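Secondary and tertiary structure notes
These are the residues of each chain, in order.
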Amino acid sequence: MDFVLSGTAACGACVFTNPLEVVKTRMQLQGELQSRGSYRVYYRNVFHAFYTIGRVDGLAGLQKGLAPGLVYQFVMNGIRLGSYAIIESSGYIHTNGRVSAAKTTVAGAVAGVVGAVVGSPVYLVKTHLQSQSTASIAVGHQHKHPGMILALAAIYKEHGLLGLWRGSSAAVPRVAVGSAAQLSTFSSSKEFVVDLQVFPKDSWLVALSAGMISSVVVVMAMTPFDVVSTRLYNQPVDHVGKGQLYKGFPDCFSKTLRKEGLVGLYKGLGASYFRLGPHTILSLFFWDELRKLYHECR
């Protein structure tokens, strides 16, 4: 049941934050491997990107990739948060009755890796669909998939089963770092907020406050890995499925750093927070409240 509750919580958050995921993806692909000032800027900031996509692609353009986004959130976060909930219930993350930062970090990273590997094919398609746009504001490679199912079928037909897991070399460190940062800070922050006695121990405001603290840490730790992940998933491939821009995670990381500087690894930081911040807060809040509700009804 922990897996279902976790996946449902993540899907609830995804419905609200998917437009920001579209904006984040576009901003991370803008000016790919080009030095600053040498490319046309279609999206000046998160608000301008939101307006531009809505004006050119229509309101539906802001919800591109929603179907694979929901599937990915249910699968990946169902496994990730569900596994963590089981680990937490077993008492592993506590030392002498207190939350252990080291244990929560390890537990969060392991749970994240498992979820990322399983959900990678759907994340691949989600990235492709969210980068697709009208030619006048297009950034990154345009894959031109008509939808999620047909995209999965086309990738499998052309590149086989392994083709569906292309880019997973970036997904594993991305989610491992993000999950470790998110779940360790969430558990520690909940304990900290309870110790302050600002809110009653079982108040929903405890989970909400902890989620807000966690969201800042997640965005700062995860954004460079998120940029690399987006680019690896979206890059064009040759007839045998080999990437034409990057050989893998280390190559993409080093090329981005060399060509675009440290700023390149933090492209779309504002969009990342507007997307990951609310998503972290909402998913952790929904997750915590659904678990409490489930245990009360048992």
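So, here is what we can say about the structure in this document. The residue numbering used here restarts from 1 in each chain and proceeds along that chain's sequence as written. This being a predicted model, a pLDDT of at least 70 is required before a residue's local features are given, and a value of 80 or more before pairs of side-chain atoms are given or counted; all residues contribute to the totals for chains, interfaces and linings. Side-chain metrics rest on all non-hydrogen atoms present in the structure, leaving aside hydrogens and water.

**Some remarks on the pattern of salt bridges**
Selection rule: One side-chain nitrogen of Lys or Arg within 4 Å of one carboxyl oxygen of Asp or Glu is enough to make a salt bridge. Under the scheme used here, helices are H or I runs from DSSP no shorter than 4 residues and strands are E runs no shorter than 2 residues, and both carry numbers assigned from the N terminus. For every residue, the accessible area obtained with a 1.4 Å probe (protein chains only) is divided by the maximum for its type, and the residue is called buried under 20%, exposed over 50%, and partly exposed between those limits.
Under the criterion given, the structure shown has 13 salt bridges. As a salt-bridge pair, R26 and D57 come within 3.4 Å of each other at their nearest N and O atoms. Of this pair, R26 sits in helix α1 (residues 2–29) while D57 sits in helix α2 (residues 46–57), placing them 31 residues apart in sequence. By relative accessible area, which is 17% here, D57 ends up buried. For E88, the salt bridge is made with R291, and the minimal N-O distance between the two is 2.8 Å. In this pair, E88 is assigned in helix α3 (residues 66–89) and R291 in helix α9 (residues 269–297), connecting sequence segments 203 residues apart. Exposure remark for R291: the relative accessible area of 11% places this residue in the buried category. Taken together, the shared-partner salt bridges in this structure form one network comprising E21, K24, K126, R174 and D226.

**Overview of a nonpolar patch on the surface**
Selection criterion: Here a patch means residues that are over 30% exposed by relative accessible area and free of salt bridges, tied together within 9 Å if like-charged and within 5 Å if nonpolar (Val, Leu, Ile, Met, Phe, Trp, Tyr). Only the protein chains shown count as covering a residue, and every accessible area follows the Shrake-Rupley method with a 1.4 Å probe.
On the surface, Y92, V106, V110, V114 and V118 cluster together to form a nonpolar patch covering roughly 410 Å² of accessible area. Mapped onto the secondary structure, V114 falls in helix α4 (residues 101–131). V114 gets classed as partly exposed once you look at its relative accessible area, which sits at 40%.

**Side note on the packing of α3 against α4**
Quick note on the threshold: Fitting a line to C-alpha atoms yields each axis, with helices limited to the stretch in contact; the angle taken between N-to-C directions then spans 0 to 180 degrees. In what follows, roughly perpendicular refers to angles from 65 to 115 degrees, roughly parallel to angles under 35, roughly antiparallel to angles over 145, and oblique to any angle outside these ranges.
The geometry of α3 relative to α4 is characterised by a closest axis approach of 8 Å and an angle of 170 degrees between their N-to-C directions. Considering their axes alone, α3 and α4 lie roughly antiparallel with respect to each other.

**Digging into the nonpolar core**
Heads up, the rule is: Side-chain atoms within 4.5 Å link the members of a nonpolar core, which is a set of buried Ala, Val, Leu, Ile, Met, Phe, Trp, Tyr and Cys residues. By definition in these notes, contact holds between two residues if any of their heavy atoms fall within 4.5 Å.
Counting residues in each nonpolar core, the largest one holds 15 residues, and the members touching the most others are Y72, V125, I155, V175 and Y233. Contributions of two or more residues to this core are made by α3, α4, α5 (148–163) and α6 (168–196). Broken down by element, the residue count for this core peaks at 6 residues, all from α4. Residues contacting I155, with those up to four places away along its chain left out, are L124, V125, H128, H145, G160, G163 and L164.

**Overview of the packing of aromatic side chains**
Let me state the cut-off plainly: Note on aromatic pairs: the rings of Phe, Tyr and Trp (six-membered ring only in Trp) are paired at centre separations within 6.5 Å, and the planes decide the class, stacked below 30 degrees, edge-to-face beyond 60, tilted for the rest. Think of it as a cone above the ring: NZ of Lys or CZ of Arg counts as a charge over the ring if it is within 6 Å of the ring centre and within 35 degrees of the ring normal.
Scanning the entire structure with this criterion turns up 8 aromatic pairs. Between F285 and F286 the ring centres are 5.9 Å apart and the planes differ by 45 degrees, which places this aromatic pair in the tilted class. Residue classification places F285 among the buried positions, given a relative accessible area of 17%. For F286, a relative accessible area of 25% puts it in the partly exposed group. One aromatic cluster in this structure is built from Y72, Y123 and Y233. The ring of Y92 has K103 lying over it, and the distance from NZ or CZ to the ring centre is 5.5 Å.

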